[in-house]
Amino acid sequence: MSAVRDFDLVLKGGRVLDERNGVDGVLDVAIKDGRIAAVGSDLAGQAKRVEDVGGAIVAPGLIDIHTHVYHKATSLSIDPGFISRRSATTTLVDAGSAGAGNYDGFRDYVMANSPYRIFAFLNISFPGIFGFDKGVSIGEATLRHMLPVDRCVAKIEQNRDRIVGVKVRIGGPVTGELGLGALELALEAANAVGLPLMTHIGTAPPSYADVVSMLRPGDILTHCFRPSPNSALDADGKVLRAVRDARERGVLFDIAHGMGAFGYETAEGALKDGFLPDLISSDVHVIAVEGPGFDLLHTMSKLLNCGMTLPDVIGMSANRPALAIRRPELGHLGVGAPADITVLQQVDSNYVFEDVVGVRRQGTTLLQPVAVYLGGKSMEVARRPFEEPFILGGCRGHQH
């Protein structure tokens, strides 16, 4: 008598990496009705359809916690579908492209029309990031009256299904003379709604230490490995005391590579000093998408080549961002979770990575997309032409 073919799909024989549930092993993952139905051995006989993913990595759907995807309505934003297909992500979190004054358009015209999961940190600045493009950089947090706390709070209360926190950009011309005053207003809003604050750290003033000293448990310091000046390292190349104190309080540190926020000197110094990031993200936008950051998957590969482990890199790009945005149903492969799954291939490569100030490092490995499932549905994955020429022996992945 044949086995009952109960599962809709089984991904067979991949290396399953599920940090939340402590799983790291060659196993099958079964999907039924858009959710994870089982993780274990020899599940294929019970499936209507089987995909052999032997030799590949089966991870929870990747979550890019810092993106800019208010496409066509803000000058810095890119198409969320394009970047999700290319970087094998299932969830994108926009980091303050929209403020209270224009969030409704983001919700109705971008989020509502995308098959991918899109959340947002709402910018404390009423117009959001309105003056950022190639050759254009106008700070949105320089004037106190552009940061109305009451309007930010009201918009969040109306949209708690999609808004996961408050965003503020701090430093240099972005805040100008207002400086830490912008951070104070953003914290006031975040306290009022009981959600995390994500703060960008730019050039001084204010200093990295001053900014991070004001953050609360669960808040996110994004661009944590930005290059000097105003980096996370002191004059001796050690992690600042204020940064370690913040981590002990429960502040989270996010990569957010972008066009100006990943320096090898800082990253290598922090890693050598035992200070790993909590979160990996791309800060993908109209400039960063062309390199050297490119997208989440490239940033993950860059950190792998810095000596971080594959389980950590996956955990920082799936499980931990899900918890940081308080969406615990995402970022893991436990039974009953939405079947958001990213399948990757780790390939040998001679790619030479570059940071945002032009420092280069020879790499040996790249992560490449094989397949993506969103709520159990197979999604398209796109080619990565900026990496393909550097894959040794050709990519062993396959396209869906």
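Nothing here was measured: the structure is a model prediction, and the numbers come from that model.

*Asks:* Lay out helix 6 (residues 241-249) in plain terms, naming residues and giving numbers.
*Replies:* Restricting attention to buried positions, one finds in helix 6 the residues Ala 242, Val 243 and Ala 246. The buried residues of helix 6 all sit within an arc of 100° when viewed along its axis, so they share a single face. One or two positions beyond helix 6, positive phi appears at Gly 250, with a value near 105°.

*Asks:* Lay out the sheet that holds strand 6 (residues 62-67) with the relevant residues and their values.
*Replies:* The sheet built from seven strands is open, its strands ordered 6-7-8-11-12-13-14 with parallel pairing. A single partner strand is all that each edge strand has here, and the edge strands are strand 6 and strand 14 (252-254). Within this sheet the neighbouring strands show an average axis-to-axis angle of 25°, counted without direction. Where strand 13 (residues 220-222) lies against strand 14, three bridges are found, and the strand directions are parallel.

*Asks:* So, helix 8 (residues 296-304): which residues are in play, and what are the values?
*Replies:* Within helix 8, nine of the nine residues are buried, which leaves the element mostly enclosed by the surrounding structure. Buried within helix 8 are the following residues: Leu 296, Leu 297, His 298, Thr 299, Met 300, Ser 301, Lys 302, Leu 303 and Leu 304. Sitting at the amino-terminal end of helix 8 is Asp 295, which places a side-chain oxygen 3.3 Å from the backbone nitrogen of Leu 297.

*Asks:* Requested: an account of the pattern of salt bridges, with residues and values cited.
*Replies:* Counting across every chain of the model gives 24 salt bridges. The partner of Glu 157 in a salt bridge is Arg 160, with the nearest N and O atoms 2.8 Å apart. Exposure remark for Arg 160: the relative accessible area of 35% places this residue in the partly exposed category. Note that Arg 361 is salt-bridged to Glu 268, the shortest N-O span being 2.7 Å.

*Asks:* Could you give me a rundown of the packing of helix 3 (residues 149-158) against helix 4 (residues 180-193), with the residues and numbers involved?
*Replies:* Interaxial distance between helix 3 and helix 4 falls to 9 Å at its minimum, and their mutual angle equals 35°. Of the two elements, helix 3 crosses helix 4, and the hand of that crossing is right-handed. Every residue of helix 4 that contacts helix 3 at Val 149, Cys 152, Val 153, Ile 156 and Glu 157 is listed here: Leu 185, Glu 188, Ala 189, Ala 192 and Val 193.

The rules behind each value
- Residues numbered from 1 in each chain as written.
- Predicted model: local features only at pLDDT ≥ 70, side-chain atom pairs only at ≥ 80, totals over all residues.
- Heavy atoms only, no water.
- Buried < 20%, exposed > 50% of the residue type's maximum accessible area, 1.4 Å probe, protein only.
- Helix = DSSP H or I, 4+ residues; strand = E, 2+ residues; numbered from the N terminus.
- Arc of directions from axis to C-beta.
- Pairing = 2+ DSSP bridges.
- Axes fitted to C-alpha atoms, helices over the stretch in contact; angles between N-to-C directions.
- Polar contact = N/O pair within 3.5 Å; in protein donor to acceptor, adjacent residues only side chain to side chain.
- Salt bridge = Lys/Arg side-chain N within 4 Å of Asp/Glu carboxyl O.
- Left-handed = near helix turned anticlockwise from the far one by under 90°.
- Contact = heavy atoms within 4.5 Å.

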